[in-house]
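Structural features, examined
Each chain, written out:
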Amino acid sequence: MISLKEIVFIIVVFVSSVIQSITGFAGTVLAMPFSIMLVGYNTAKPILNVLGIVLSIGVIGLNHKSLNKKEFFKIIAIMLVGMVGGYLITTQFDLKAGLLYKLLGSIVLLFMGIGVHNTFSEKYRQKKKEANEKTSLLAYLVLVIAGVVHGMFVCGGPLLVVYASEKIKGRDEFRVTVSAVWAVLNSIILFSDIKSGLFVPKTFLLLVICIGILFGALWVGNIIFRHINKKWFMIITYVLMGISGISLLIK
């Protein structure tokens, strides 16, 4: 029997999946805080991870020719280093639920701050235009940290965007390349979750239901992607991220 919290979780999955299909990165980081509070870390993490894989494959299938292969392989290689660190943190250290909540809440608020700055700062946009093509050591460090966060919470997307927005210019190219990264990295996490025994019958049932509504979210998101004002959409996304982050900190 599906509980009320699980029904709300399914609604959260639909809304966040629409957002993920539009931006290529914000869905999981928005859904994870609410999902952890509704169904717990050991249920939320594997389900959102698998949904990320399915959704990413859907986005790639719609426009696979836009994939930037050079940046794709570079991002995968560097983020894998960080993911190993994130996996070790969650498996080797006894992190209590309250600490996990506050850690994730802080990360979400940090992501929101970075996103707001990068989206609305005129000085930042001007700096991007004047920057040369050489990738800095700091940019690579951002990718490593994104890998750590992704290994722990499956939501390293906003930090990846900090890097990708500098190196990938086209809207479709950006969306498809970032989605391809999640398809690969989340598949690695999937094998780890299976090995850890996280897919118990109840979790698997919820996953099947969520995959069913995911295709509707992908369809809705693709329509919105072609018509929405990106600036206003990002404002709404950052507000929701702020609410989710604060909710975790005061839980």
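Residues numbered from 1 in each chain as written. Predicted model: local features only at pLDDT ≥ 70, side-chain atom pairs only at ≥ 80, totals over all residues. Heavy atoms only, no water.

When helices and strands are counted, the protein chain shows 11 helices and zero strands. Across the 251 residues in the protein chain, those meeting the buried criterion constitute 49%. Sequence separation of at least 24 residues holds for 85% of the intrachain contacts in the protein chain that already meet a minimum separation of 6. If you sum the accessible surface of the protein chain, you get close to 12300 Å²; carbon and sulfur atoms cover 71% of it. (Helix = DSSP H or I, 4+ residues; strand = E, 2+ residues; numbered from the N terminus. Buried < 20%, exposed > 50% of the residue type's maximum accessible area, 1.4 Å probe, protein only. Contact = heavy atoms within 4.5 Å. Areas by Shrake-Rupley, 256 points an atom, 1.4 Å probe, with all protein chains shown as cover.)

This brings us to the pattern of salt bridges. Counted under the stated rule, the structure contains three salt bridges. A salt bridge links Lys 202 to Glu 6; the shortest N-O distance between them is 3.5 Å. With Lys 202 in helix 10 (residues 201–227) and Glu 6 in helix 1 (residues 4–23), this pair connects stretches of sequence that are 196 residues apart. Accessibility expressed as a relative area gives 11% for Glu 6, which makes it buried. Residue Glu 71 is joined to Lys 74 by a salt bridge in which the shortest nitrogen-to-oxygen separation is 3.5 Å. (Salt bridge = Lys/Arg side-chain N within 4 Å of Asp/Glu carboxyl O.)

Moving on: helix 9 (residues 171–195). Helix length check: helix 9, at 25 residues, gives a terminal C-alpha distance of 37 Å against a target of 36 Å (1.5 Å per residue), a fit within 8%. Looking one or two places after helix 9, you find Gly 197, whose phi comes out positive at around 75 degrees. (Expected span 1.5 Å × (residues − 1).)

Since the α-helix turns once every 3.6 residues, residues separated by three or four places project in the same direction. For helix 10, spanning 27 residues, the distance from its first C-alpha to its last is 40 Å, which sits close to the expected 39 Å at 1.5 Å a residue. Along helix 10, the largest kink reaches about 25 degrees and is centred on Ile 213. Taken as a whole, helix 10 has its buried residues at Thr 203, Leu 206, Leu 207, Cys 210, Leu 214, Ala 217, Leu 218, Gly 221 and Phe 225. (Bend = angle between axes of the 7 residues up to and from the residue.)

Take the packing of aromatic side chains next. By the definition in use, this model includes two aromatic pairs. A centroid spacing of 6.4 Å and a plane angle of 85 degrees characterise the contact between Tyr 41 and Phe 153, whose relative ring orientation is edge-to-face. One end of the pair, Tyr 41, is in helix 3 (residues 41–62); the other, Phe 153, is in helix 7 (residues 137–153), with 112 residues separating them in the sequence. We classify Tyr 41 as buried; its relative accessible area is 17%. Look at Phe 72 and Phe 73: their rings are 5.0 Å apart centre to centre, the planes differ by 65 degrees, and that puts the pair in the edge-to-face class. (Phe/Tyr/Trp six-rings, centres within 6.5 Å; stacked < 30°, edge-to-face > 60°.)

It is the contact of helix 4 (residues 69–92) with helix 8 (residues 157–167), at a shortest axis distance of 12 Å, that shows an interaxial angle of 155 degrees. Overall, the two elements helix 4 and helix 8 adopt an arrangement that is roughly antiparallel. Like other packed secondary-structure pairs, helix 4 and helix 8 cross with a definite hand, here right-handed. In this structure, helix 4 contributes Glu 71, Lys 74, Ile 75 and Met 79 to the contact, and helix 8 contributes Leu 160, Tyr 163 and Lys 167. (Axes fitted to C-alpha atoms, helices over the stretch in contact; angles between N-to-C directions. Parallel < 35°, antiparallel > 145°, perpendicular 65-115°, else oblique. Left-handed = near helix turned anticlockwise from the far one by under 90°.)

Considering the arrangement of structural elements, one finds Asn 186 in helix 9. If sequence neighbours within four positions are ignored, Asn 186 has contacts with Asn 49, Gly 52, Ile 53, His 150 and Val 154.

Below, the discussion takes up the nonpolar core. One finds Leu 51, Met 79, Leu 104, Phe 153, Leu 160 and Val 181 to be the most contacted residues of the largest nonpolar core, which totals 62 residues. The dominant element in this core, judged by the number of residues it contributes, is helix 3, at eight residues. Discounting residues that sit within four places of it in the chain, Leu 51 has contacts with Val 13, Leu 207, Cys 210, Ile 211 and Leu 214. (Core = buried A, V, L, I, M, F, W, Y, C linked by side-chain atoms within 4.5 Å.)

As a further point, take the packing of helix 4 against helix 9. At their nearest, the axes of helix 4 and helix 9 sit 10 Å apart, and the two run at 35 degrees to each other. Where helix 4 crosses over helix 9, the two elements pack in a sense that is right-handed. When helix 4 is examined against helix 9, the residues Phe 72, Ile 75, Ile 76, Met 79, Leu 80, Met 83 and Tyr 87 are found in contact with a partner set consisting of Thr 177, Ala 180, Val 181, Trp 182, Val 184, Leu 185, Ile 188, Ile 189 and Ser 192. By residue class, the composition of the contact of helix 4 with helix 9 is 14 nonpolar, two polar and no charged. (Nonpolar A, V, L, I, M, F, W, Y, C, P; charged D, E, K, R; others polar.)

As a further point, take a nonpolar patch on the surface. A contiguous nonpolar patch, built from Leu 4, Ile 7, Val 8, Ile 11, Phe 14 and Val 15 and spanning about 510 Å² of accessible area, is present on the exposed surface. Relative to the assigned elements, Val 8 resides in helix 1. (Patch = residues over 30% accessible without salt bridge, like charges linked within 9 Å, V, L, I, M, F, W, Y side chains within 5 Å.)

For the protein chain, mean pLDDT is 82; residues scoring 70 or higher make up 88% of the total. The spread of mean pLDDT over the elements of the protein chain runs between helix 6 (residues 122–130), the lowest at 62, and helix 4, the highest at 90. (pLDDT = per-residue confidence, 0-100.)

Structurally, the position occupied by Ser 16 is in helix 1. Take Ser 16: its relative accessible area is 6%, and that puts it in the buried class. There is a polar contact of 3.1 Å between the side chain of Ser 16 and the backbone oxygen of Val 13. If we skip the residues at most four places from it in the chain, Ser 16 touches Gly 27 and Ala 31. (Polar contact = N/O pair within 3.5 Å; in protein donor to acceptor, adjacent residues only side chain to side chain.)

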